[in-house]
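# Descriptive structure summary
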Amino acid sequence: DTGVSQNPRHKITKRGQNVTFRCDPISEHNRLYWYRQTLGQGPEFLTYFQNEAQLEKSRLLSDRFSAERPKGSFSTLEIQRTEQGDSAMYLCASSGTGPSYEKLFFGSGTQLSVL
Amino acid sequence: GDSVTQMEGPVTLSEEAFLTINCTYTATGYPSLFWYVQYPGEGLQLLLKATKADDKGSNKGFEATYRKETTSFHLEKGSVQVSDSAVYFCALSHTGYSTLTFGKGTMLLVSP
């Protein structure tokens, strides 16, 4: 169990640019989540995959955001035409099935700064 | 919609002091309740959980009891250590759905 891995750890971009983040979940986990956290706030749900299927998206998720999980393994989160309000920590988490599905394992996050 | 309210921090304690971090929630039905902890430089980790009323979750000396009548899930520890310094998040989810609603977090600072 190597944990949930996120890359990059930090990303600085200019407003209007596109950015992509990657998440590698724990290998046997079939559920994968993306959350966003801003300073002084708790994580806020963005989207959820079970295997390769994206089953839920937050109403807060702008059309500029898109997430994929090809083949049910790693996932990518892309933000198009970034805005300063997108600056936040983007967290990925994964969980297994059965009774343990409620125990989420989080990565250390990708800190995005939009200038 | 669902919401979780935690006491504001930072909570500053001396080693071996008693800890309480208050958490109340608003939700329909009977959600599962969680405490997650984030140590400096690390990802969030599940600390404990409770899935129904009057259940007590416990781990590493921390405890929290699911109180349906007061919609609360307060975190307690009898004797804190410096290594407990972290940010603590209260959260809820509904059975069958694994998406979590988090509170804003409470920072705990424990001095020797």
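Now for a description of the structure that goes with this document. Everything quoted here is computed from the prediction, not taken from an experiment.

When its secondary structure is counted, chain B shows zero helices and twelve strands. Helices (α) and strands (β) of chain B occur, in sequence order from the N terminus, as β-β-β-β-β-β-β-β-β-β-β-β. Relative to a compact globule of 112 residues, whose C-alpha radius of gyration would be 13 Å, chain B shows 13 Å and is just as compact. For chain B, the C-alpha atoms occupy an extent of roughly 40 × 25 × 20 Å along the three principal directions. For chain B, the proportion of its 112 residues judged to be buried stands at 46%. Restricting the contact set of chain B to residue pairs at least 6 apart, pairs at least 24 apart contribute 56%. By element, 50% of the accessible surface of chain B is carried by carbon and sulfur atoms, the whole surface being about 5300 Å².

Moving on to the pattern of salt bridges. By the definition in use, this model includes seven salt bridges over all chains. Among the ionic pairs, B:Asp55 bridges to B:Lys52, the shortest N-O distance being 3.4 Å. Counted as one network, the salt bridges with shared partners bring together A:Arg64, A:Glu83 and A:Asp86.

Right, let's get into the environment of A:Ser113. Residue and element names in this part refer to chain A. Here Ser-113 shows up in strand β11 (residues 110-114). Among the residues examined, Ser-113 registers a relative accessible area of 27% and is labelled partly exposed. Considering only alpha carbons, one finds Ser-113 and Thr-82, 31 residues apart in sequence, at a separation of 9.7 Å. In contact with Ser-113, other than residues within four places in its own chain, are Lys-11, Ile-12, Thr-13 and Ser-87.

All names here are of chain A. Judged by pairing direction, the sheet is antiparallel, and its four strands sit side by side in the order β1-β3-β8-β7 without closing on themselves. Strands at the two margins of the open sheet, each flanked by one partner only, are β1 (5-7) and β7 (65-68). Sheet twist, expressed as the mean angle between neighbouring strand axes with direction ignored, is 15 degrees. Examined bridge by bridge, strand β3 (residues 19-24) and strand β8 (residues 75-79) share five bridges and lie antiparallel to one another. If you follow Arg-22 over to β8, its bridge partner there is Thr-76.

So, about the packing of aromatic side chains. With the rule as written, the count across this model stands at 13 aromatic pairs over all chains. Plain terms: the ring middles of A:Tyr33 and A:Tyr48 are 5.1 Å apart, the flat faces sit at 15 degrees to each other, and that makes the pair stacked. Of this pair, A:Tyr33 sits in strand β4 (residues 31-37) while A:Tyr48 sits in strand β5 (residues 44-50), and the two are 15 residues apart along the sequence. In this structure, A:Tyr33 and A:Tyr48 share a single accessibility class: buried. With centroids separated by 5.7 Å and ring planes inclined at 85 degrees, the aromatic side chains of A:Phe106 and B:Tyr36 adopt a geometry described as edge-to-face. Linking A:Phe106 in strand β10 (residues 105-106) with B:Tyr36 in strand β5 (residues 32-38), this pair reaches from one chain into another. Just above the ring of A:Phe74 sits the side chain of A:Arg22; from NZ or CZ to the centre is 3.9 Å. Lying over the aromatic face of B:Tyr30, B:Lys68 brings its terminal NZ or CZ to 4.3 Å of the ring centre.

Looking now at the interface of chain B and chain A. Between chain B and chain A, the residue contacts involve 22 residues of the former and 21 residues of the latter. Taken together, chain B and chain A are joined by zero salt bridges. At the junction of chain B with chain A, the criterion picks out two residue pairs in polar contact (both at pLDDT 80 or more). Where the side of chain B that touches chain A is concerned, the elements lending two or more residues are β5, β6 (45-50) and β10 (86-93) of chain B. Top element by residues in the side of chain B that touches chain A is β5(B). It accounts for four residues. Taken together, the residues of the side of chain B that touches chain A sort by class into eight nonpolar, eleven polar and three charged.

Quick notes on the rules
- Residues numbered from 1 in each chain as written.
- Chains lettered and ligands numbered in written order.
- Predicted model: local features only at pLDDT ≥ 70, side-chain atom pairs only at ≥ 80, totals over all residues.
- Heavy atoms only, no water.
- Helix = DSSP H or I, 4+ residues; strand = E, 2+ residues; numbered from the N terminus.
- Rg over C-alpha atoms; globule rule 2.2 N^0.38 Å.
- Buried < 20%, exposed > 50% of the residue type's maximum accessible area, 1.4 Å probe, protein only.
- Contact = heavy atoms within 4.5 Å.
- Areas by Shrake-Rupley, 256 points an atom, 1.4 Å probe, with all protein chains shown as cover.
- Salt bridge = Lys/Arg side-chain N within 4 Å of Asp/Glu carboxyl O.
- Pairing = 2+ DSSP bridges.
- Axes fitted to C-alpha atoms, helices over the stretch in contact; angles between N-to-C directions.
- Phe/Tyr/Trp six-rings, centres within 6.5 Å; stacked < 30°, edge-to-face > 60°.
- Lys NZ or Arg CZ within 6 Å of the ring centre and 35° of its normal.
- Polar contact = N/O pair within 3.5 Å; in protein donor to acceptor, adjacent residues only side chain to side chain.
- Nonpolar A, V, L, I, M, F, W, Y, C, P; charged D, E, K, R; others polar.

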